[in-house]
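# Per-entry structural report
Next come the chains, spelled out residue by residue.
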Amino acid sequence: MTRSITLLGATGSIGASTLDLVRRNPDDWQVEALTANCSAKELAALAREFGAKLAVVGDESCLAELREALSGSGIEAAGGADALCEAARRPVDMTVAAIVGCAGLAPTMAAVERGGTIALANKEALVSAGSVMTLAVAKHGATLLPTDSEHNAIFQCLAGGKIEDVARITLTASGGPFRTWERSAIEAATPEQAVAHPNWSMGAKISVDSATMMNKGLEYIEAHHLFPVGLDRLKIVVHPQSVIHSMVEYRDRSTLAQLGPSDMRVPIASCLAWPARMETPLEPLDLARIGELTFQAPDEELFPATRIAREAIEAGGAAPAILNAANEIAVEAFLAGHIGFSRITAVAEETLARYDAPPPDNLENILAVDSEARKRAREALETAPLV
Ligand code: NDP
(Lines give C-alpha, C1' and ligand atoms only; values in the text may rest on other atoms or scores of the structure.)
Protein backbone atom coordinates (compact mmCIF):
# COMPACT_ATOMS: atom_id res chain seq x y z
CA MET A 1 0.00 0.00 0.00
CA THR A 2 1.39 3.43 -0.94
CA ARG A 3 1.82 5.84 1.97
CA SER A 4 2.38 9.58 1.85
CA ILE A 5 5.45 11.15 3.42
CA THR A 6 6.75 14.64 4.16
CA LEU A 7 10.44 15.10 4.85
CA LEU A 8 11.46 18.17 6.84
CA GLY A 9 15.20 18.67 6.27
CA ALA A 10 15.38 16.71 3.00
CA THR A 11 18.81 18.03 1.95
CA GLY A 12 20.62 16.92 5.12
CA SER A 13 22.28 13.73 6.21
CA ILE A 14 19.12 12.19 7.70
CA GLY A 15 17.23 13.47 4.67
CA ALA A 16 19.62 11.63 2.33
CA SER A 17 19.37 8.39 4.34
CA THR A 18 15.57 8.58 4.36
CA LEU A 19 15.36 9.30 0.64
CA ASP A 20 17.75 6.44 -0.07
CA LEU A 21 15.22 4.08 1.54
CA VAL A 22 12.31 5.72 -0.28
CA ARG A 23 14.21 5.50 -3.59
CA ARG A 24 14.63 1.74 -3.08
CA ASN A 25 10.90 1.29 -2.45
CA PRO A 26 9.29 3.69 -4.93
CA ASP A 27 5.92 1.94 -4.95
CA ASP A 28 5.57 2.27 -1.19
CA TRP A 29 5.77 6.06 -0.98
CA GLN A 30 4.13 9.17 -2.39
CA VAL A 31 6.19 12.23 -1.44
CA GLU A 32 4.01 15.16 -0.40
CA ALA A 33 6.52 17.83 0.68
CA LEU A 34 10.30 18.21 0.93
CA THR A 35 11.96 21.07 2.79
CA ALA A 36 15.40 22.65 3.20
CA ASN A 37 16.76 25.92 4.52
CA CYS A 38 18.50 27.40 1.47
CA SER A 39 19.85 24.48 -0.59
CA ALA A 40 17.37 25.44 -3.29
CA LYS A 41 18.91 23.67 -6.30
CA GLU A 42 19.47 20.47 -4.35
CA LEU A 43 15.93 20.58 -2.99
CA ALA A 44 14.46 21.19 -6.44
CA ALA A 45 16.39 18.24 -7.85
CA LEU A 46 15.06 15.98 -5.07
CA ALA A 47 11.51 17.29 -5.51
CA ARG A 48 11.70 16.50 -9.22
CA GLU A 49 13.24 13.06 -8.66
CA PHE A 50 10.66 12.03 -6.06
CA GLY A 51 7.67 13.75 -7.68
CA ALA A 52 6.98 15.85 -4.58
CA LYS A 53 3.91 18.06 -4.65
CA LEU A 54 5.54 20.85 -2.64
CA ALA A 55 9.08 22.10 -1.98
CA VAL A 56 9.77 24.64 0.76
CA VAL A 57 12.86 26.64 1.73
CA GLY A 58 12.90 27.97 5.30
CA ASP A 59 14.95 30.97 4.22
CA GLU A 60 12.59 33.11 2.15
CA SER A 61 15.47 34.82 0.34
CA CYS A 62 16.15 31.48 -1.40
CA LEU A 63 12.61 31.12 -2.76
CA ALA A 64 13.34 32.82 -6.09
CA GLU A 65 16.17 30.33 -6.74
CA LEU A 66 13.87 27.44 -5.79
CA ARG A 67 11.11 28.71 -8.13
CA GLU A 68 13.56 29.00 -10.98
CA ALA A 69 14.96 25.52 -10.37
CA LEU A 70 11.43 24.09 -10.31
CA SER A 71 10.10 25.98 -13.32
CA GLY A 72 8.08 23.83 -15.67
CA SER A 73 7.85 20.97 -13.16
CA GLY A 74 4.38 21.80 -11.80
CA ILE A 75 5.78 21.42 -8.26
CA GLU A 76 4.55 24.07 -5.87
CA ALA A 77 7.28 26.19 -4.22
CA ALA A 78 7.09 28.15 -0.99
CA GLY A 79 9.46 29.90 1.42
CA GLY A 80 9.70 31.13 5.01
CA ALA A 81 9.10 29.83 8.50
CA ASP A 82 5.30 29.80 8.15
CA ALA A 83 5.54 27.88 4.89
CA LEU A 84 7.56 25.17 6.69
CA CYS A 85 4.74 24.83 9.23
CA GLU A 86 2.10 24.79 6.50
CA ALA A 87 4.00 22.00 4.76
CA ALA A 88 4.13 20.07 8.04
CA ARG A 89 0.38 20.59 8.52
CA ARG A 90 -0.55 18.87 5.24
CA PRO A 91 -2.08 15.47 5.98
CA VAL A 92 0.38 12.61 5.38
CA ASP A 93 0.90 9.13 6.76
CA MET A 94 4.47 9.87 7.89
CA THR A 95 6.45 13.03 8.68
CA VAL A 96 10.20 12.75 9.09
CA ALA A 97 11.42 15.61 11.29
CA ALA A 98 15.07 16.05 10.28
CA ILE A 99 15.70 19.79 10.37
CA VAL A 100 18.76 20.53 12.48
CA GLY A 101 18.35 22.60 15.64
CA CYS A 102 15.49 24.43 17.28
CA ALA A 103 14.57 25.73 13.79
CA GLY A 104 12.74 22.40 13.45
CA LEU A 105 10.56 22.91 16.51
CA ALA A 106 7.65 24.89 15.04
CA PRO A 107 7.23 22.62 11.97
CA THR A 108 7.48 19.51 14.18
CA MET A 109 4.84 20.94 16.51
CA ALA A 110 2.65 21.65 13.46
CA ALA A 111 2.86 17.96 12.53
CA VAL A 112 2.14 16.99 16.16
CA GLU A 113 -0.91 19.28 16.31
CA ARG A 114 -2.23 17.62 13.17
CA GLY A 115 -2.12 14.34 15.09
CA GLY A 116 0.42 12.85 12.67
CA THR A 117 2.93 10.04 12.90
CA ILE A 118 6.34 11.64 13.22
CA ALA A 119 9.75 10.02 12.92
CA LEU A 120 11.69 12.40 15.15
CA ALA A 121 15.39 12.83 14.39
CA ASN A 122 15.38 16.54 15.33
CA LYS A 123 16.34 16.05 19.00
CA GLU A 124 16.84 19.78 19.64
CA ALA A 125 13.09 20.31 19.11
CA LEU A 126 12.18 17.89 21.91
CA VAL A 127 15.00 19.08 24.18
CA SER A 128 13.76 22.68 23.87
CA ALA A 129 10.04 21.95 24.07
CA GLY A 130 10.09 19.07 26.59
CA SER A 131 6.67 18.47 28.10
CA VAL A 132 5.07 21.10 25.84
CA MET A 133 5.71 18.66 22.98
CA THR A 134 4.90 15.44 24.85
CA LEU A 135 1.62 16.90 26.19
CA ALA A 136 0.72 18.07 22.67
CA VAL A 137 1.45 14.56 21.36
CA ALA A 138 -0.99 13.11 23.91
CA LYS A 139 -3.60 15.84 23.36
CA HIS A 140 -3.66 15.54 19.57
CA GLY A 141 -3.24 11.76 19.40
CA ALA A 142 0.05 12.06 17.50
CA THR A 143 2.67 9.29 17.41
CA LEU A 144 6.36 10.07 17.97
CA LEU A 145 8.69 7.43 16.61
CA PRO A 146 12.21 7.98 17.99
CA THR A 147 14.68 8.04 15.10
CA ASP A 148 17.85 8.92 16.96
CA SER A 149 19.67 5.56 16.96
CA GLU A 150 19.84 5.32 20.77
CA HIS A 151 16.19 6.20 21.31
CA ASN A 152 15.11 3.96 18.49
CA ALA A 153 17.10 1.16 20.17
CA ILE A 154 15.35 1.82 23.50
CA PHE A 155 11.97 1.98 21.74
CA GLN A 156 12.67 -1.43 20.22
CA CYS A 157 13.88 -2.88 23.56
CA LEU A 158 10.70 -1.64 25.24
CA ALA A 159 8.42 -3.36 22.73
CA GLY A 160 6.44 -5.90 24.72
CA GLY A 161 7.80 -4.55 28.02
CA LYS A 162 6.22 -2.25 30.56
CA ILE A 163 7.82 1.06 31.46
CA GLU A 164 7.10 0.38 35.17
CA ASP A 165 9.22 -2.80 34.97
CA VAL A 166 12.27 -0.87 33.74
CA ALA A 167 15.12 -0.73 36.25
CA ARG A 168 17.53 1.20 34.05
CA ILE A 169 17.95 2.60 30.57
CA THR A 170 21.53 2.89 29.32
CA LEU A 171 22.35 5.19 26.44
CA THR A 172 25.52 4.20 24.67
CA ALA A 173 27.95 6.85 23.40
CA SER A 174 30.78 6.36 20.94
CA GLY A 175 32.84 8.93 22.85
CA GLY A 176 33.43 10.90 19.64
CA PRO A 177 36.68 11.50 17.75
CA PHE A 178 38.58 12.92 20.76
CA ARG A 179 37.83 10.14 23.24
CA THR A 180 41.48 9.09 23.50
CA TRP A 181 43.06 12.54 23.02
CA GLU A 182 45.03 14.54 25.61
CA ARG A 183 43.39 17.68 26.99
CA SER A 184 45.86 19.99 25.21
CA ALA A 185 45.15 18.36 21.83
CA ILE A 186 41.38 18.57 22.43
CA GLU A 187 41.68 22.26 23.23
CA ALA A 188 43.49 22.83 19.92
CA ALA A 189 41.07 20.70 17.87
CA THR A 190 39.94 22.16 14.55
CA PRO A 191 36.44 22.02 13.02
CA GLU A 192 37.73 19.51 10.42
CA GLN A 193 38.94 17.19 13.20
CA ALA A 194 35.71 17.60 15.17
CA VAL A 195 33.43 16.66 12.26
CA ALA A 196 35.47 13.55 11.37
CA HIS A 197 33.46 11.09 13.45
CA PRO A 198 35.05 7.62 13.70
CA ASN A 199 31.80 5.61 13.30
CA TRP A 200 28.98 7.76 11.93
CA SER A 201 28.60 10.02 8.89
CA MET A 202 26.42 12.94 9.99
CA GLY A 203 25.75 16.66 9.53
CA ALA A 204 28.32 19.15 10.87
CA LYS A 205 26.36 20.29 13.93
CA ILE A 206 25.64 16.85 15.38
CA SER A 207 29.22 15.78 14.59
CA VAL A 208 30.58 18.62 16.73
CA ASP A 209 28.00 17.77 19.42
CA SER A 210 29.31 14.23 19.32
CA ALA A 211 32.88 15.44 19.79
CA THR A 212 31.96 17.58 22.83
CA MET A 213 29.59 14.84 24.11
CA MET A 214 26.80 17.45 24.10
CA ASN A 215 25.03 15.13 21.69
CA LYS A 216 24.80 12.57 24.50
CA GLY A 217 23.72 15.30 26.89
CA LEU A 218 20.90 16.33 24.54
CA GLU A 219 20.01 12.66 24.08
CA TYR A 220 19.84 12.19 27.84
CA ILE A 221 17.22 14.98 27.97
CA GLU A 222 15.46 13.54 24.93
CA ALA A 223 15.33 10.09 26.57
CA HIS A 224 13.89 11.58 29.75
CA HIS A 225 10.93 12.93 27.76
CA LEU A 226 10.42 9.89 25.55
CA PHE A 227 10.82 7.22 28.23
CA PRO A 228 9.69 8.62 31.58
CA VAL A 229 11.48 6.23 33.96
CA GLY A 230 13.01 9.00 36.08
CA LEU A 231 16.45 10.58 35.76
CA ASP A 232 17.97 8.22 38.36
CA ARG A 233 17.27 5.30 36.00
CA LEU A 234 18.87 6.90 32.96
CA LYS A 235 22.58 6.19 32.46
CA ILE A 236 25.24 6.81 29.85
CA VAL A 237 28.07 4.42 29.01
CA VAL A 238 30.82 4.95 26.46
CA HIS A 239 30.92 2.13 23.92
CA PRO A 240 33.46 3.06 21.22
CA GLN A 241 32.41 0.43 18.67
CA SER A 242 28.83 1.84 18.31
CA VAL A 243 27.42 -1.65 17.82
CA ILE A 244 25.03 -1.66 20.79
CA HIS A 245 22.85 1.40 20.28
CA SER A 246 21.32 1.37 23.78
CA MET A 247 19.95 -1.01 26.40
CA VAL A 248 16.98 -1.51 28.69
CA GLU A 249 17.41 -3.40 31.95
CA TYR A 250 14.23 -4.73 33.53
CA ARG A 251 13.70 -5.27 37.26
CA ASP A 252 14.40 -9.01 36.98
CA ARG A 253 17.94 -7.93 35.78
CA SER A 254 17.31 -9.00 32.19
CA THR A 255 18.97 -6.49 29.89
CA LEU A 256 17.78 -6.12 26.31
CA ALA A 257 20.09 -4.41 23.84
CA GLN A 258 19.61 -3.43 20.21
CA LEU A 259 22.61 -4.02 17.96
CA GLY A 260 23.14 -2.99 14.38
CA PRO A 261 25.47 -1.36 11.87
CA SER A 262 26.28 2.30 12.58
CA ASP A 263 24.15 3.55 9.73
CA MET A 264 21.12 5.74 10.30
CA ARG A 265 19.19 3.86 7.64
CA VAL A 266 18.58 1.14 10.26
CA PRO A 267 16.65 3.28 12.78
CA ILE A 268 15.03 5.27 9.96
CA ALA A 269 13.80 2.02 8.37
CA SER A 270 12.48 0.92 11.74
CA CYS A 271 10.39 4.12 11.88
CA LEU A 272 9.28 4.08 8.24
CA ALA A 273 8.06 0.49 8.44
CA TRP A 274 6.77 0.62 12.04
CA PRO A 275 5.16 -1.50 13.37
CA ALA A 276 6.32 -3.83 10.58
CA ARG A 277 9.88 -4.25 9.25
CA MET A 278 11.46 -3.44 5.91
CA GLU A 279 14.72 -4.38 4.22
CA THR A 280 17.77 -2.11 4.19
CA PRO A 281 20.76 -2.45 1.85
CA LEU A 282 23.15 -2.98 4.77
CA GLU A 283 25.49 -5.88 5.37
CA PRO A 284 24.58 -8.17 8.28
CA LEU A 285 26.42 -7.46 11.52
CA ASP A 286 29.59 -9.58 11.62
CA LEU A 287 30.29 -9.96 15.33
CA ALA A 288 33.27 -12.29 14.83
CA ARG A 289 34.94 -9.62 12.70
CA ILE A 290 34.10 -6.88 15.20
CA GLY A 291 35.73 -9.10 17.82
CA GLU A 292 35.09 -7.20 21.00
CA LEU A 293 32.63 -4.78 22.47
CA THR A 294 34.04 -2.51 25.18
CA PHE A 295 32.52 -0.10 27.66
CA GLN A 296 33.76 2.67 29.91
CA ALA A 297 32.32 5.41 32.10
CA PRO A 298 32.08 8.87 30.51
CA ASP A 299 34.94 11.22 31.48
CA GLU A 300 33.04 14.31 32.64
CA GLU A 301 36.26 16.12 33.59
CA LEU A 302 37.41 16.13 29.99
CA PHE A 303 33.92 16.28 28.42
CA PRO A 304 31.64 18.17 30.84
CA ALA A 305 28.66 18.38 28.45
CA THR A 306 26.80 15.36 29.87
CA ARG A 307 27.06 16.82 33.38
CA ILE A 308 25.82 20.22 32.14
CA ALA A 309 22.88 18.61 30.35
CA ARG A 310 22.01 16.51 33.40
CA GLU A 311 22.04 19.62 35.57
CA ALA A 312 19.86 21.43 33.03
CA ILE A 313 17.18 18.74 33.01
CA GLU A 314 17.35 18.44 36.81
CA ALA A 315 16.77 22.21 36.99
CA GLY A 316 13.91 21.79 34.48
CA GLY A 317 11.81 24.74 33.31
CA ALA A 318 13.57 26.80 30.67
CA ALA A 319 17.06 25.38 31.33
CA PRO A 320 17.11 22.71 28.57
CA ALA A 321 15.92 25.23 25.95
CA ILE A 322 18.59 27.70 27.11
CA LEU A 323 21.26 25.00 27.01
CA ASN A 324 20.26 23.94 23.52
CA ALA A 325 20.15 27.48 22.12
CA ALA A 326 23.51 28.43 23.63
CA ASN A 327 25.07 25.23 22.34
CA GLU A 328 23.77 25.91 18.81
CA ILE A 329 25.33 29.39 18.84
CA ALA A 330 28.62 28.09 20.24
CA VAL A 331 28.85 25.25 17.71
CA GLU A 332 28.15 27.70 14.89
CA ALA A 333 30.95 29.97 16.19
CA PHE A 334 33.35 27.03 16.47
CA LEU A 335 32.57 25.83 12.94
CA ALA A 336 33.16 29.38 11.68
CA GLY A 337 36.58 29.38 13.36
CA HIS A 338 35.63 32.09 15.89
CA ILE A 339 36.16 30.10 19.10
CA GLY A 340 38.22 27.15 20.26
CA PHE A 341 36.74 23.71 20.88
CA SER A 342 36.67 23.92 24.68
CA ARG A 343 34.74 27.20 24.59
CA ILE A 344 31.69 25.42 23.14
CA THR A 345 30.53 23.78 26.37
CA ALA A 346 31.88 26.70 28.42
CA VAL A 347 29.59 29.11 26.52
CA ALA A 348 26.65 26.77 27.07
CA GLU A 349 27.35 26.57 30.80
CA GLU A 350 27.95 30.33 31.15
CA THR A 351 24.70 31.14 29.35
CA LEU A 352 22.81 28.76 31.63
CA ALA A 353 24.36 30.39 34.68
CA ARG A 354 23.57 33.94 33.54
CA TYR A 355 20.07 33.56 32.14
CA ASP A 356 16.98 32.33 33.91
CA ALA A 357 13.44 32.43 32.56
CA PRO A 358 10.07 31.22 33.82
CA PRO A 359 9.18 27.69 32.66
CA PRO A 360 7.83 28.07 29.10
CA ASP A 361 4.38 26.52 28.78
CA ASN A 362 3.67 26.99 25.09
CA LEU A 363 5.48 27.14 21.76
CA GLU A 364 5.62 30.92 21.68
CA ASN A 365 7.31 31.06 25.11
CA ILE A 366 9.83 28.38 24.15
CA LEU A 367 10.76 30.28 21.00
CA ALA A 368 11.12 33.48 23.06
CA VAL A 369 13.45 31.70 25.52
CA ASP A 370 15.39 30.24 22.60
CA SER A 371 15.80 33.65 21.01
CA GLU A 372 16.89 35.38 24.23
CA ALA A 373 19.32 32.54 25.07
CA ARG A 374 20.91 32.94 21.62
CA LYS A 375 21.38 36.64 22.29
CA ARG A 376 22.99 35.92 25.68
CA ALA A 377 25.23 33.24 24.18
CA ARG A 378 26.41 35.69 21.50
CA GLU A 379 27.21 38.18 24.27
CA ALA A 380 29.18 35.48 26.09
CA LEU A 381 31.09 34.84 22.86
CA GLU A 382 31.96 38.51 22.48
CA THR A 383 33.07 39.11 26.05
CA ALA A 384 34.97 35.89 26.78
CA PRO A 385 38.36 34.63 25.63
CA LEU A 386 38.43 32.77 22.34
CA VAL A 387 39.76 29.49 23.69
P1 NDP B 1 22.22 18.33 8.35
O2 NDP B 1 22.95 19.56 8.73
O3 NDP B 1 22.90 17.33 7.49
O4 NDP B 1 20.84 18.73 7.62
C5 NDP B 1 19.98 19.65 8.19
C6 NDP B 1 18.74 19.85 7.36
O7 NDP B 1 17.97 20.90 7.98
C8 NDP B 1 19.02 20.35 5.94
O9 NDP B 1 17.99 19.91 5.09
C10 NDP B 1 18.98 21.86 6.09
O11 NDP B 1 18.71 22.55 4.88
C12 NDP B 1 17.82 21.99 7.06
N13 NDP B 1 17.90 23.23 7.84
C14 NDP B 1 18.98 23.74 8.46
N15 NDP B 1 18.66 24.89 9.08
C16 NDP B 1 17.34 25.12 8.81
C17 NDP B 1 16.45 26.17 9.13
N18 NDP B 1 16.84 27.23 9.86
N19 NDP B 1 15.18 26.09 8.68
C20 NDP B 1 14.77 25.03 7.94
N21 NDP B 1 15.58 24.00 7.60
C22 NDP B 1 16.86 24.05 8.03
O23 NDP B 1 21.71 17.67 9.71
P24 NDP B 1 21.52 16.12 10.04
O25 NDP B 1 20.73 15.46 8.96
O26 NDP B 1 22.81 15.56 10.46
O27 NDP B 1 20.64 16.20 11.37
C28 NDP B 1 19.26 16.54 11.32
C29 NDP B 1 18.68 16.29 12.71
O30 NDP B 1 18.74 14.90 12.99
C31 NDP B 1 19.46 16.98 13.84
O32 NDP B 1 18.56 17.39 14.83
C33 NDP B 1 20.36 15.87 14.38
O34 NDP B 1 20.67 16.04 15.74
C35 NDP B 1 19.45 14.66 14.19
N36 NDP B 1 20.18 13.41 14.06
C37 NDP B 1 21.07 13.25 13.04
C38 NDP B 1 21.79 12.08 12.89
C39 NDP B 1 22.72 11.86 11.73
O40 NDP B 1 23.26 10.76 11.60
N41 NDP B 1 22.94 12.83 10.89
C42 NDP B 1 21.64 10.99 13.88
C43 NDP B 1 20.64 11.24 14.88
C44 NDP B 1 19.95 12.42 14.96
P45 NDP B 1 19.92 23.19 3.98
O46 NDP B 1 20.56 22.04 3.27
O47 NDP B 1 19.24 24.13 3.06
O48 NDP B 1 20.84 23.87 4.95
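Look a little higher up for the structure.
Okay, so let's go over this structure. Counting restarts for each chain, with residues numbered from 1 along the sequence as it is written. Local features in a predicted model are, by the rule used here, given only for residues with pLDDT of at least 70; side-chain atom pairs are given and counted only at 80 or more, and totals for whole chains, interfaces and linings are based on all residues. Only heavy atoms go into the side-chain values, all of them from the structure, while hydrogens and water stay out.

### Points about the overall build of the protein chain
For the protein chain, the count of helices and strands is 18 helices and eleven strands. Radius of gyration means the value over C-alpha atoms here, while the globule rule gives 2.2 Å times the residue count to the 0.38 power. For the protein chain, the C-alpha radius of gyration of 20 Å lies close to 21 Å, the compact-globule estimate for 387 residues. If one aligns the C-alpha atoms of the protein chain with their principal axes, the spans along those axes are about 55 × 50 × 40 Å. Looking at the protein chain alone, contacts between residues at least 24 apart form 67% of all its contacts between residues at least 6 apart. About 16400 Å² of surface is accessible on the protein chain, with carbon and sulfur atoms providing 50% of the total. Between the averaged position of the 33 positive side-chain charges in the protein chain and that of its 50 negative side-chain charges there is a distance of 2 Å. The helix and strand labels rest on DSSP assignments: H or I over at least four residues marks a helix, E over at least two residues marks a strand, and numbering proceeds from the N terminus. When checking whether two residues touch, look at their non-hydrogen atoms; a contact exists if any pair is within 4.5 Å. Accessible areas in this description were obtained via Shrake-Rupley with a 1.4 Å probe; residue shielding takes into account the shown protein chains only. In summary, the charge assignment counts Lys and Arg as positive and Asp and Glu as negative, without counting His or the chain termini. Every charge is mapped onto a representative atom, which is NZ of Lys, CZ of Arg, CG of Asp or CD of Glu.

### Quick word on the packing of aromatic side chains
Two aromatic rings from Phe, Tyr or Trp, using only the six-membered ring of Trp, form a pair when their centres are within 6.5 Å; if the ring planes differ by under 30 degrees the pair is stacked, by over 60 it is edge-to-face, and anything between is tilted. For the structure on display, the rule yields four aromatic pairs. Relative to tryptophan 274, the ring of phenylalanine 155 has its centre 6.4 Å away and its plane inclined at 50°; by these criteria the two rings are tilted. Of this pair, phenylalanine 155 sits in helix H8 (residues 149-158) while tryptophan 274 is found in the loop between helix H13 (265-273) and helix H14 (287-290), placing the two residues 119 residues apart along the sequence. Judged by relative accessible area, which is 25%, phenylalanine 155 ranks as partly exposed. When the centroid spacing of 5.6 Å and the interplanar angle of 75° are considered together, the rings of phenylalanine 334 and phenylalanine 341 count as edge-to-face. The classification of residues rests on relative accessible area computed with a 1.4 Å probe and restricted to protein chains. Under 20% of the type maximum is buried, over 50% is exposed, and intermediate values are partly exposed. Judged by relative accessible area, which is 4%, phenylalanine 341 ranks as buried.

### Some details on empty space enclosed by the protein
Both cavities and pockets are sets of points on a 1 Å grid over the protein atoms alone; in a cavity a 1.4 Å probe fits but cannot get out, in a pocket the set is open with protein on both sides within 12 Å along at least five of seven lines, and lining residues sit with an atom within 4 Å of a point. Grid points are joined across faces, edges and corners, and a volume is the space filled by probe spheres set on the points. In this structure the tally under the stated criterion is one cavity of 30 Å³ or more. Reported here for the largest cavity is a volume of approximately 40 Å³. If you trace the largest cavity, you find it lined by Ser149, Asn152, Trp200, His245, Gln258, Pro261, Asp263, Val266 and Pro267. Mapped by element, the contributors of at least two residues to the lining of the largest cavity are H8 and H13. Amino acid classes used here: Ala, Val, Leu, Ile, Met, Phe, Trp, Tyr, Cys and Pro are nonpolar; Asp, Glu, Lys and Arg are charged; the rest, including Gly, are polar. The class makeup of the residues in the lining of the largest cavity is four nonpolar, four polar and one charged.

### Details of the side chain of serine 17
Within the secondary structure layout, serine 17 lies in helix H1 (residues 13-24). Here serine 17 falls in the buried class, since its relative accessible area comes to 15%. Not counting residues up to four positions away in its chain, the partners in contact with serine 17 are Met264, Arg265 and Ile268.

### Digging into the state of the cysteines
Two cysteine sulfur atoms make up a disulfide if the distance between them is within 2.5 Å. Counted under the stated rule, the structure contains one disulfide. The residue that forms a disulfide with cysteine 38 is cysteine 62, at a sulfur-sulfur distance of 1.7 Å. Taking the torsion about the sulfur-sulfur bond, which here is approximately -85°, the covalent link between cysteine 38 and cysteine 62 counts as left-handed. Highlighted residues: cysteine 38 in the loop between strand E2 (29-36) and helix H2 (40-50) and cysteine 62 in the loop between strand E3 (54-57) and helix H3 (63-70), separated in sequence by 24 residues. Free cysteine cysteine 102: the closest other cysteine sulfur is in cysteine 85, separated by 12 Å.

### Some remarks on the site of the ligand
One heavy atom within 4 Å of a molecule or strand is enough for the residue carrying it to be called near that molecule or strand. In the vicinity of the ligand lie 24 residues, with Thr11, Asn37, Cys38, Ser39 and Glu124 positioned nearest. Pairing of N or O atoms within 3.5 Å defines a polar contact, subject to two protein rules: one partner must be a possible hydrogen donor and the other a possible acceptor, and residues neighboring in sequence count only if both atoms are side-chain atoms. Isoleucine 14 places a main-chain nitrogen or oxygen 2.9 Å from an oxygen atom of the ligand. Interatomic distance of 2.9 Å between a backbone N/O atom of glycine 203 and an oxygen atom of the ligand. Within the complex, 85% of the 900 Å² of free accessible area of the ligand lies under protein. For the shell around the ligand, the secondary-structure elements that each account for two or more residues are H1 and helix H6 (123-129).

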